[in-house]
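Observations on the model geometry
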Amino acid sequence: MASDGSSDLSSTHVQMADGSWHPLVGFGTYKVGVVPASASAFGSPTRAVQEVIKDALEAGYRCFDCAQFYANEAKIGEALAQSSVPRDQLFLISKVWNDKIYEGEAAVRAQVEQSLKDLQTDYLDMYLVHWPVPGKHVAAYKALLALKKEGKLRHVGVSNYTIEDYKELMAEVSEKPAVNQIEVNPWVFRQKTLDFFRQEGVLIQSYRTLGQGKQLDNATLLALAEKHSRTPAQVLGRWTVQQGIVYLPKSEKKERMRENRLVTDFTLDDDDMARLAALGSAKHVAEMESLYRFCVIRDTPLTKEDVRQTFTIE
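Residues numbered from 1 in each chain as written. Predicted model: local features only at pLDDT ≥ 70, side-chain atom pairs only at ≥ 80, totals over all residues. Heavy atoms only, no water.

When the charged atoms of two side chains with opposite charge come close together, those side chains can pair. Across all of its chains, the model carries 22 salt bridges by this definition. Two residues, arginine 308 and aspartate 165, come together in a salt bridge whose shortest N-O distance is 3.1 Å. On the criterion of sequence distance, the pair formed by arginine 308 in the segment after helix H12 (282-295) and aspartate 165 in helix H6 (residues 163-170) is long-range, its members being 143 residues apart. Judged by its relative accessible area of 2%, aspartate 165 falls in the buried class. (Salt bridge = Lys/Arg side-chain N within 4 Å of Asp/Glu carboxyl O. Helix = DSSP H or I, 4+ residues; strand = E, 2+ residues; numbered from the N terminus. Buried < 20%, exposed > 50% of the residue type's maximum accessible area, 1.4 Å probe, protein only.)

Here is the structure:
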């Protein structure tokens, strides 16, 4: 996607540390058409990948959050190639999964090449280390930096990094990640972590912003939705982008795709923002911590003894 710093982008994009622009709203592709074999929660896709991506493009999405783990990049690539949207109007994100991170730099490089082939493009706007696999993630990041120098990646970032993971990374590299993609929603609201990465100039991309749909009937959320004549999902999306955090909703329903995008044309007041932030739950943060300990070694030979014992969860 072209990034000329134009002021007309400021309502729909957020600037990264290098001055280039990142769309504020993107389309998540996890479990679109495919449920990965080692997914933590199962389910059956309701529509074909190509149909969903076609509808997302028609709904106005131009940023797509993809990943090796999602196992659907080839189908996404077909859908994008069949569309009339020029490549320079798209912002494509992908991530390398733990198995390749564990295998080393050559495997990471090969996976990037596979993502480029599958998505039918000669460059990706953003490529992330999906999880900070112990003892392996720094080498993976270095491999991505090399691919950036070759012009195959425009930006390099990380995902699911704690403050401690980031510090470990930065002890060995000089180029900061452009983004850190983590779970952000009012129930898992890690203010200390968010503040730290803001201070570092690392943009936050949010997943599970809608809490997997499990909290959309929350009384506070419903009250704010009524106040602003919006859906609960739109309120959560607005809460996210109003903090300068990238919002990556996913739906296979075209009507909800459209609704989820409409978060830049209204504003929550300070009281609204505070009421949502107050929904933070120790239970949900503890669940996030458990998920980290499981996922950071998933699909590798590593064991729980290899996982960082203490890290910042706030």
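Evaluated as defined, the whole model comprises one cavity of 30 Å³ or more. Approximately 90 Å³ is the volume attributed to the largest cavity. In terms of lining, the largest cavity is formed by Trp131, Asn160, Tyr161, Thr162, Ile182, Glu183, Arg190, Tyr207, Met288, Leu291 and Tyr292. Within the residue set of the lining of the largest cavity, elements represented by two or more residues are strand S8 (179-183) and H12. Take the lining of the largest cavity: its biggest share by element is three residues, from H12. Residue composition of the lining of the largest cavity, by class: seven nonpolar, two polar and two charged. (1 Å grid on protein atoms, 1.4 Å probe; cavity = no way out; pocket = protein on both sides within 12 Å on 5 of 7 lines; lining within 4 Å. Points joined across faces, edges and corners; volume = space filled by probe spheres on them. Nonpolar A, V, L, I, M, F, W, Y, C, P; charged D, E, K, R; others polar.)

Attention now moves to the packing of helix H4 (residues 105-118) against helix H5 (residues 137-149). Between H4 and H5, the least distance of the axes is 9 Å, while the angle of their chain directions is 45°. Here H4 lies oblique to H5, going by the angle between them. Handedness of the H4/H5 crossing: right-handed. Judged by residue contacts, Glu105, Val108, Arg109 and Val112 of H4 engage Ala139, Ala140, Ala143, Leu144, Ala146 and Leu147 from H5. Along the lines of polarity and charge, the residues of the contact of H4 with H5 split into eight nonpolar, no polar and two charged. (Axes fitted to C-alpha atoms, helices over the stretch in contact; angles between N-to-C directions. Parallel < 35°, antiparallel > 145°, perpendicular 65-115°, else oblique. Left-handed = near helix turned anticlockwise from the far one by under 90°. Contact = heavy atoms within 4.5 Å.)

Attention shifts here to the pairing of strand S6 (residues 126-129). Alternating positions in S6 separate into two faces, Met126 and Leu128 on one and Tyr127 and Val129 on the other, with burial throughout. In this structure, S6 lies alongside strand S7 (residues 156-159), joined through three bridges in parallel fashion. Looking at the pairing, tyrosine 127 lines up with valine 156 of S7. The parallel pair S6 and S7, bridged by H5, forms a crossover whose chirality is right-handed. (Pairing = 2+ DSSP bridges. Right-handed = clockwise from strand over helix to strand, strands pointing away.)

Take the sheet that holds S7 next. The eight strands lie next to each other as S3-S4-S5-S6-S7-S8-S9-S10, forming an open sheet whose pairing is parallel. The open sheet has two edge strands, strand S3 (27-28) and strand S10 (246-247), and neither has a second partner. By the bridge criterion, three bridges tie strand S4 (residues 63-65) to strand S5 (residues 91-96) in an arrangement that is parallel. Bridging from a neighbouring strand, cysteine 63 pairs with phenylalanine 91 of S5.

Turning our attention to helix H8 (residues 219-228). Taken together, the buried positions of H8 are Thr220, Leu221, Leu224 and Ala225. Summarising the axial view, the buried residues of H8 lie within an arc of 135°, below the 170-degree limit, and thus occupy one face. Opposite its buried face, H8 presents the exposed residues Ala219 and Glu226, each directed more than 90 degrees away. Close packing links the buried residues of H8 with helix H9 (232-241) and helix H11 (270-277). Among the residues of H8, the N-terminal cap falls to asparagine 218, whose side-chain oxygen and the backbone nitrogen of threonine 220 are separated by 2.9 Å. Phi turns positive one or two residues past the end of H8, at serine 229, with a value near 55°. (Arc of directions from axis to C-beta. Polar contact = N/O pair within 3.5 Å; in protein donor to acceptor, adjacent residues only side chain to side chain.)

Below, the discussion takes up the nonpolar core. Formed by 97 residues in total, the largest nonpolar core has its most connected members in Phe27, Ile53, Phe64 and Leu144. Ranked by residues supplied to this core, first place goes to H5 with seven residues. Setting aside its immediate chain neighbours within four residues, leucine 144 contacts Val108, Val112, Tyr127, Leu128, Val129, Leu153 and Val156. (Core = buried A, V, L, I, M, F, W, Y, C linked by side-chain atoms within 4.5 Å.)

The next subject is the environment of tyrosine 292. Note that tyrosine 292 resides in helix H12. With 224 residues separating them along the chain, tyrosine 292 and glutamine 68 place their C-alpha atoms 18 Å apart. Filtering out sequence-adjacent residues up to four positions away, tyrosine 292 remains in contact with Trp131, Pro132, Asn160, Thr162, Asp165, Val307, Arg308 and Phe311.

What follows is about the packing of aromatic side chains. Tallied over the full model, the rule gives eleven aromatic pairs. Taken together, a centroid distance of 4.0 Å and an interplanar angle of 25° make the contact between phenylalanine 69 and tryptophan 97 stacked. On the criterion of sequence distance, the pair formed by phenylalanine 69 in the loop between S4 and helix H2 (73-82) and tryptophan 97 in the loop between S5 and helix H3 (98-103) is long-range, its members being 28 residues apart. Taking relative accessible area as the criterion, phenylalanine 69 reaches 10% and is therefore assigned buried. One aromatic cluster in this structure is built from Tyr30, Phe69, Tyr70 and Trp97. Lying over the aromatic face of tyrosine 102, lysine 136 brings its terminal NZ or CZ to 4.8 Å of the ring centre. Between the NZ or CZ atom of arginine 154 and the centre of the ring of tyrosine 123, over which it lies, the distance is 3.8 Å. (Phe/Tyr/Trp six-rings, centres within 6.5 Å; stacked < 30°, edge-to-face > 60°. Lys NZ or Arg CZ within 6 Å of the ring centre and 35° of its normal.)

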